[in-house]
Amino acid sequence: MKKYITVYLILFSCLLWSQEMIYPKYIYEKDLNNITIEQTEDINLFRYKQIQYIGQPEKKITLSYTGNEWYSEILKKNYRNKDFIALNQEFNKRQYKDLRIFVDTSQKTPLIKTYTDTTKISNLDYDIKMDSLAAGLKLSKEIPFIITYYDGFPVTIYNIEERERIIGFGNNVILELEGLDKNHQWKKIDGFRKYNCGVGIQFFVLKPKEIATVFVPRLTGNFKTKFRYRLGNILSNEFDGSINDKYFENKD
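Nothing here was measured: the structure is a model prediction, and the numbers come from that model. (Residues numbered from 1 in each chain as written. Predicted model: local features only at pLDDT ≥ 70, side-chain atom pairs only at ≥ 80, totals over all residues. Heavy atoms only, no water.)

> Looking at this model, I keep getting lost on the overall build of the chain. Mind explaining?
Of regular secondary structure, the chain possesses 3 helices and 18 strands. Contacts spanning at least 24 positions in sequence make up 79% of the contacts within the chain whose residues lie at least 6 apart. (Helix = DSSP H or I, 4+ residues; strand = E, 2+ residues; numbered from the N terminus. Contact = heavy atoms within 4.5 Å.)

Set out below in structure tokens:
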């Protein structure tokens, strides 16, 4: 009898482990074969790591890139503002018991930048249209924009704890990028970004058994090395990539 119980526990543990390690396949809303995808070596091009998905794990998730830096509609049920002192203390400590971070460079999830098409509208006309929008008026002709797609991949955070945990504020996950320098020492390359103004910004949490996903740019540069993402005391899997070696200068 004990033998069967032992076998059952092993199988059950394996099943739980496999469930923990299943991360979604993200299906981008557009046909990637018909999109020109640019690359960047600028770590400041995408300052904030916006939530693209939060909720229960799914094998396949179809979504588009969310670019709002300050607020996200999909975080409505995850924002917290009561007992700010306790929330702020948890945020400042950033010590987690069991969060998992999985970086999947095999997937391609583009990020976007939207620019005003200055070949089709003058600065004066643009200012006039923006003033009209601010006054609540309807535009007779839309402002022309150019959308540029940049190569990227998903980073998924999984909360296996029994309670909700703070992982960011506004629409910005507090992930930090680290890399191995030429002396094979781990160095922080890019810390989490704060907003210039914090008025109205709320913390958001990851609930138990939920996942949260951000898209990060696939950087280019003259130095090939290994990277990982950090969330407080939690580290992701390591992954290969390239970066401009100037980002290792004067890093503690």
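What follows picks up the thread again.
> How should I be thinking about the packing of aromatic side chains in this particular structure?
The geometry of two aromatic rings is summed up by the distance between their centres and the angle between their planes. Using the criterion set out here, one finds 16 aromatic pairs in the structure. Both rings, one in Tyr79 and one in Phe204, keep their centres 6.3 Å apart while their planes meet at 80 degrees; by these two values the pair is edge-to-face. Placement of Tyr79 in strand β5 (residues 79-80) and of Phe204 in strand β14 (residues 203-206) is noted, with a sequence separation of 125 residues between them. Grouping residues by exposure puts Tyr79 and Phe204 together as buried. (Phe/Tyr/Trp six-rings, centres within 6.5 Å; stacked < 30°, edge-to-face > 60°. Buried < 20%, exposed > 50% of the residue type's maximum accessible area, 1.4 Å probe, protein only.)

> When you look at the environment of Val216 in this model, what are you seeing that I'm missing?
Within the secondary structure layout, Val216 lies in strand β15 (residues 211-217). C-alpha separation for the pair Val216 and Pro110, spaced 106 residues apart in sequence, amounts to 8.4 Å. When neighbours within four sequence positions are excluded, Val216 is seen to be in contact with Lys49, Leu111, Asp151, Gly152, Phe153, Val155 and Tyr229.

> Just checking my understanding: could you explain the sheet that holds strand β3 (residues 51-55) for this structure?
In a beta sheet, neighbouring strands are held together by backbone hydrogen bonds and run either parallel or antiparallel to one another. Pairing within the open sheet is antiparallel, and its 4 strands lie in the order β3-β15-β9-β6. A single partner strand is all that each edge strand has here, and the edge strands are β3 and β6 (99-103). Each strand axis lies, on average, 20 degrees off the axis of its neighbour in the sheet, ignoring direction. Pairing between β3 and β15: 4 bridges, direction antiparallel. Looking at β15, one finds that Ile54 is bridged to Ala212. (Pairing = 2+ DSSP bridges. Axes fitted to C-alpha atoms, helices over the stretch in contact; angles between N-to-C directions.)

> I tried to follow the sheet that holds strand β10 (residues 165-169) on my own but got confused; where do I start?
Spatially, β5-β14-β10-β11 is the arrangement adopted by the 4 strands of the open sheet, whose pairing is antiparallel. This sheet does not close on itself; its edge strands, each paired only once, are β5 and β11 (172-173). Lying on the sheet, helix α2 (residues 84-93) is in contact with β5, β10 and β14; it crosses β10 at an angle near 90 degrees.

> I tried to follow the pattern of salt bridges on my own but got confused; where do I start?
Close approach of charged atoms allows side chains with opposite charge to pair. Counting across every chain of the model gives 15 salt bridges. The partner of Glu178 in a salt bridge is Arg230, and the shortest N-O contact between them spans 2.6 Å. Remark: Arg230 occurs in strand β16 (residues 223-231) and Glu178 occurs in strand β12 (residues 176-180); sequence separation between them is 52 residues. Residue Glu178 is classed as buried on the basis of its relative accessible area, which comes to 8%. (Salt bridge = Lys/Arg side-chain N within 4 Å of Asp/Glu carboxyl O.)

> Where do I start with the environment of Gln56 in this structure?
Within the secondary structure layout, Gln56 lies in the loop between β3 and β4 (60-63). Measuring from C-alpha to C-alpha, the distance between Gln56 and Ile211 comes to 6.2 Å, with 155 residues separating the pair along the chain. Ignoring anything within four residues of it in the chain, the contact list for Gln56 reads Lys209, Glu210 and Ile211.

> How do you make sense of α2 when you look at a structure like this?
One turn of an α-helix holds 3.6 residues; hence residues three or four places apart share an orientation. Buried residues of α2: Leu87, Glu90 and Phe91, and no others. Axial view of α2: buried residues confined to an arc of 100 degrees, hence all on one face. Looking at α2, the residues exposed on the side facing more than 90 degrees away from the buried face are Ile85 and Lys93. Against the buried residues of α2 lie β5, β10 and β14. (Arc of directions from axis to C-beta.)

> Please clarify how the side chain of Thr148 should be interpreted in this entry.
Within the element layout of this structure, Thr148 appears in strand β8 (residues 145-150). Among residues more than four places away in sequence, those in contact with Thr148 are Glu38, Leu111, Ile112, Lys113 and Tyr115.

> So what exactly am I meant to see when it comes to the nonpolar core here?
As a rule of thumb, soluble globular proteins bury nonpolar side chains together. Membership of the largest hydrophobic core comes to 42 residues, with the highest contact counts inside it found for Val155, Ile157, Leu175, Leu231 and Ile243. For Val155, the residues in contact, after removing those within four places along its chain, are Ile101, Phe102, Val103, Leu175, Ala212, Thr213, Val214, Val216 and Tyr229. By size, the runner-up hydrophobic cluster in this structure holds 17 residues, among which are Leu45, Phe46, Tyr149 and Phe215. (Core = buried A, V, L, I, M, F, W, Y, C linked by side-chain atoms within 4.5 Å.)

> I keep staring at unusual backbone geometry and nothing clicks. Help me out?
Comment: phi is negative for the bulk of residues other than glycine, and the bulk of peptide bonds are trans. Of note in this structure, Asp83 is not a glycine but carries a positive phi near 55 degrees. Summarising the element assignment, Asp83 is placed in the loop between β5 and α2. Among the residues examined, Asp83 registers a relative accessible area of 55% and is labelled exposed. The phi dihedral of Arg94 is positive, around 50 degrees, even though this residue is not glycine. For Arg94, the location among the structural elements is in the loop between α2 and β6. Residue classification places Arg94 among the buried positions, given a relative accessible area of 18%.

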